[in-house]
Amino acid sequence: FPIHKPQQMDWSFAGPFGTYDKAQLQRGLKVYTEVCAACHSMDLVAFRTLEDLGYSEEQVKAFAAEYTIEDGPNDDGDMFERPGLPSDYFTSPYPNLQAAAASNNGAAPPDFSLIAKARGVERGFPTFVFDIFTQYAENGPDYIHALLTGYDEEPPAGMDIPEATYYNPYFIGGKSLAMAPPLSDEQVTYEDGTPETVDQYSRDVSAFLMWAAEPHLEDRKKTGFRVMVFLILFAGLMYATKRRVWSKIP
Ligand code: HEM
């Protein structure tokens, strides 16, 4: 039973001039905090970085303060709890990996900090050759979107699905996974009139996870473009110089 190829989506951050859509990232954060964060941690992302999404310092402070952070030891050697600060990181819903696995039929939900870079389906020859020129690097969000929207299909006749797992033909780990379909229509309220559908939630949370994994993508692309322009000009200049230096040699 082959794994299905994710559909290639039209991401705002694709291509050499790609940029993040901040409204989309804010919606993605909402989906993450209201749905995914019940199981998936995001250990490497600090609350302060949410200013990238267009939030003010005050908004980030208020967001962080909703979390309870375990800190310490204090002067008496005790651990204590306090409200989160912008310098804190997204907390894990489980105390450790064993507890995470035990609550999910033995499969710990992976951390989300780098998931958009860590997952993706091999595109195979010759597609990957063209990908170099089109700068396709969105395997991760394409895969996450496909996985989240891919629970609808029935397993093919004769396929044996292990107990407490769910069939998903896009899952790269096999035919079924321990995560039940996490999203349903109208589950998360959007204030900006964006459709409240599984497809839209999946797009938004995938874009958000791409930002989490690569917050400096826009800078990287801008720098890359400047470097290419410089190299082309420099090559022309070098060619003209070479012609001049060698012009007197018959
Ligand atoms: C695995 C996304 C919500 C439990 C995964 C994976 C992704 C993902 C990308 C990795 C699949 C792979 O290894 O290729 C999401 C998103 C969520 C969400 C975007 C929110 C919209 C949840 C929730 C739970 C959960 C609420 C718990 C009730 C798991 C588990 C796995 C997993 C147990 C490991 C599955 C396995 O390896 O068999 N999820 N998830 N997820 N997720 Fe979620």
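Before any of the text, the structure's been laid out above.
A brief structural summary.

**Structural notes on the coordination of the iron atom of the ligand**
The protein atoms donating to the iron atom of the ligand are His 40 (NE2) and Met 179 (SD), with metal-donor distances spanning 2.0 to 2.1 Å. The exposure class of Met 179 is partly exposed, given its relative accessible area of 24%.

**Things to note about the packing of helix 6 (residues 139–149) against helix 7 (residues 198–213)**
Interaxial distance between helix 6 and helix 7 falls to 9 Å at its minimum, and their mutual angle equals 150°. Of the possible angle classes, the one that applies to helix 6 and helix 7 is roughly antiparallel. In this structure, the crossing between helix 6 and helix 7 has a hand that is right-handed. From helix 6, Pro 141, Ile 144, His 145, Leu 148 and Thr 149 reach across to helix 7, where they touch Val 198, Asp 199, Ser 202, Arg 203, Val 205, Ser 206, Leu 209 and Met 210. Residues of the contact of helix 6 with helix 7, tallied by class, amount to seven nonpolar, four polar and two charged.

**Some details on the packing of helix 1 (residues 22–34) against helix 7**
Helix-helix packing: each pair is described by the crossing angle between the helix axes and the interaxial distance. Where helix 1 contacts helix 7, the two axes come as close as 7 Å, and the packing angle between them is 100°. Regarding the angle of helix 1 to helix 7, the classification is roughly perpendicular. Across from Gln 24, Leu 25, Arg 27, Gly 28, Leu 29, Val 31 and Tyr 32 in helix 1, the residues of helix 7 making contact are Gln 200, Tyr 201, Arg 203, Asp 204, Val 205, Ala 207, Phe 208 and Trp 211.

**Considerations on the packing of aromatic side chains**
Applying the stated criterion across every chain yields a total of 16 aromatic pairs. Ring geometry for Trp 11 and Phe 13: centres 5.4 Å apart, planes at 15°, overall stacked. Look at Trp 11 and you get buried, because its relative accessible area is 6%. Overall, Phe 13 belongs to the buried group, its relative accessible area being 0%. With a centroid separation of 6.2 Å and an interplanar angle of 65°, the aromatic rings of Phe 125 and Phe 128 are classed as edge-to-face. Here the aromatic residues Tyr 32, Phe 47, Phe 63, Tyr 67, Phe 90, Phe 112, Phe 208 and Trp 211 are joined through ring pairs into a cluster of three or more. For Arg 27, the ring lying beneath its charged end belongs to Tyr 190, and the centroid distance is 5.6 Å. The side chain of Arg 123 reaches across the aromatic face of Tyr 136, ending 3.6 Å from its centre.

**What to know about the pattern of salt bridges**
Opposite charge on two side chains permits pairing when their charged atoms draw close. Within this structure, the stated rule accounts for nine salt bridges. Put simply, Glu 34 and Lys 30 hold a salt bridge, and the shortest N to O gap is 3.2 Å. With a gap of four residues between them, Glu 34 and Lys 30 both fall in helix 1, about one helical turn apart. For Glu 34, a relative accessible area of 45% gives the class partly exposed. The class for Lys 30 is partly exposed, based on a relative accessible area of 24%.

**Focus on the side chain of Arg 27**
Tracing the sequence through the fold places Arg 27 in helix 1. A polar contact of 3.2 Å, which involves the side chain of Arg 27, links it to the side chain of Asp 192. Ignoring any residue separated from it by four or fewer positions in sequence, one finds Arg 27 in contact with Tyr 190, Asp 192, Thr 194, Gln 200 and Asp 204.

**Some words on a nonpolar patch on the surface**
A contiguous nonpolar surface patch, about 680 Å² in accessible area, is contributed by Val 227, Met 228, Phe 230, Leu 231, Phe 234, Leu 237 and Met 238. Here Leu 231 lies in helix 8 (residues 217–245). Since its relative accessible area comes to 43%, Leu 231 is described here as partly exposed.

**Section: the side chain of Gln 200**
Tracing the sequence through the fold places Gln 200 in helix 7. A relative accessible area of 15% means that Gln 200 is categorised as buried.

**Here we look at the site of the ligand**
Among the 22 residues in the neighbourhood of the ligand, the closest are listed as Cys 36, Cys 39, His 40, Tyr 143 and Met 179. Between a nitrogen atom of the ligand and a side-chain N or O atom of His 40, the distance comes to 2.8 Å. Between Tyr 143 and the ligand, the recorded distance is 2.6 Å, taken from a side-chain N or O atom to an oxygen atom. Split into classes, the residues belonging to the shell around the ligand amount to 19 nonpolar, two polar and one charged.

The rules behind the values
Residues numbered from 1 in each chain as written. Predicted model: local features only at pLDDT ≥ 70, side-chain atom pairs only at ≥ 80, totals over all residues. Heavy atoms only, no water. Donors = N, O, S within 2.8 Å, 3.2 Å for Na, K, Ca; no water. Buried < 20%, exposed > 50% of the residue type's maximum accessible area, 1.4 Å probe, protein only. Axes fitted to C-alpha atoms, helices over the stretch in contact; angles between N-to-C directions. Helix = DSSP H or I, 4+ residues; strand = E, 2+ residues; numbered from the N terminus. Parallel < 35°, antiparallel > 145°, perpendicular 65-115°, else oblique. Left-handed = near helix turned anticlockwise from the far one by under 90°. Contact = heavy atoms within 4.5 Å. Nonpolar A, V, L, I, M, F, W, Y, C, P; charged D, E, K, R; others polar. Phe/Tyr/Trp six-rings, centres within 6.5 Å; stacked < 30°, edge-to-face > 60°. Lys NZ or Arg CZ within 6 Å of the ring centre and 35° of its normal. Salt bridge = Lys/Arg side-chain N within 4 Å of Asp/Glu carboxyl O. Polar contact = N/O pair within 3.5 Å; in protein donor to acceptor, adjacent residues only side chain to side chain. Patch = residues over 30% accessible without salt bridge, like charges linked within 9 Å, V, L, I, M, F, W, Y side chains within 5 Å. Areas by Shrake-Rupley, 256 points an atom, 1.4 Å probe, with all protein chains shown as cover. Near = heavy atom within 4 Å.

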